[in-house]
Amino acid sequence: MNPISFPADKPLDFAAIGRLCIDLNANEINRPMEETMTFTKYVGGSPANIAIGMARLGRQTAFIGKIADDQMGRFISGYLRRNGIDTANVVTDRTGAVTGLAFTEIKSPTDCSILMYRDNAADLKLTAGEVSEDLIAQAKLLLISGTALAASPSREAVFQALSYARKHGTVVAFDLDYRPYTWKSKEETAVYYNLAAEKCDIILGTREEFDMMETFDGNPAHDDRVTASKWFDYAARIVIIKHGKDGSIAYTRDGASHRARSFPAKVIKTFGAGDSYAAGFLHGLMEGWTIERSMEFGSAAACIVISSHSCSDAMPTADQVLRYMEDCNSGKITAG
């Protein structure tokens, strides 16, 4: 069963708001960053990756964000446009803010880390007055991301976007995307994450991210059902709690839990999996598929991305995901 219905009369399938940055992925893999000499540049940021993933899956997609007035900002906006993403609400900063950078370290397929440079980042300069109500009114689905809540005025811009979405009947998904180094404290993070989550229809995050949100709640056993049930008292209709290699569980208001099969992958790096999973899962829901089928599609999309050097560039088309699933079913692809 799919508990989400999307407004059919809206011309835009999907809009995302938040972080636009540059990923610099290590070319010399299986070694520490201290020994890495060259990197390849990609567009990055979780909401940007998810928007690119949705566009590759054939969705009419737009982005709401702010870029630096520099070569990196122009690279980001050009990349989004080339991928068919509407950038009319991607605003250029005029204060001298810079593009956030994420250097990735790939020591092994399971030992990866990210070194972030987020001082005076342009994406956190987006103001509430720069968020287009008309764009959100035209969208069937709005995605918000936790990183955009880390500082003002971006924080207020996200809450303004949420207000417009609720006003115009736009479904809202919340990708928790918790990056501790962008916040002052766990307590601050928990307060703003909870305030945002109350207004969202779909919430996706790891067990650790939900633990952070429960800083002031009583869930010492880290019980997934306790976590999910809280949000069903608000707007949520689906809560997905991810457990890494142990898979994901989707909870719905009727008390049911949903799991889906996972797929093997020839893993190069671990980052990007959550973004491609989110794009695949949300695409499945918009297709009217069951939760389990949507989760399977998201899982296969994630396998494709973690088998590649990039995140944004590797976001697959629907045909590529379906072919990957078929190849796994036939034994052509095995873990390794």
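Coordinates for the structure precede this section.
The rules behind each value
- Residues numbered from 1 in each chain as written.
- Predicted model: local features only at pLDDT ≥ 70, side-chain atom pairs only at ≥ 80, totals over all residues.
- Heavy atoms only, no water.
- Salt bridge = Lys/Arg side-chain N within 4 Å of Asp/Glu carboxyl O.
- Helix = DSSP H or I, 4+ residues; strand = E, 2+ residues; numbered from the N terminus.
- Buried < 20%, exposed > 50% of the residue type's maximum accessible area, 1.4 Å probe, protein only.
- Expected span 1.5 Å × (residues − 1).
- Arc of directions from axis to C-beta.
- Contact = heavy atoms within 4.5 Å.

Asks: What is the right way to read the pattern of salt bridges from this model?
Replies: Pairing of side chains with opposite charge becomes possible as their charged atoms draw close. Within this structure, the stated rule accounts for 18 salt bridges. Close ionic contact of R59 with D13 constitutes a salt bridge, the shortest N to O distance being 4.0 Å. Of this pair, R59 sits in the loop between α1 (46-56) and β4 (61-67) while D13 sits in strand β1 (residues 12-17), and the two are 46 residues apart along the sequence. Overall, the relative accessible area of 12% leaves R59 in the buried class. The closest approach of N and O atoms between R59 and E287, which form a salt bridge, is 2.7 Å. Pair noted here: R59 is in the loop between α1 and β4 and E287 is in the loop between α8 (273-286) and α9 (291-306), with a separation of 228 residues, a long-range link. Taken together, the salt bridges that share partners define one network made up of D13, R59, K140 and E287.

Asks: Please explain helix α10 (residues 318-330) as it appears in this structure.
Replies: Think of an α-helix as 3.6 residues a turn; residues three or four steps apart then line up on the same face. With 13 residues, α10 extends 18 Å from end C-alpha to end C-alpha; this agrees with the ideal 18 Å at 1.5 Å per step. For α10, every residue scored as buried is listed here: V321, Y324, M325 and C328. Each buried residue of α10 sits inside an arc of 95 degrees when the element is viewed along its axis, so together they form one side. What points out from α10, more than 90 degrees from its buried face, is the exposed set D319 and E326. Its buried side turned inward, α10 meets α9. One or two steps after α10, the chain reaches G331, where phi turns positive at roughly 85 degrees.

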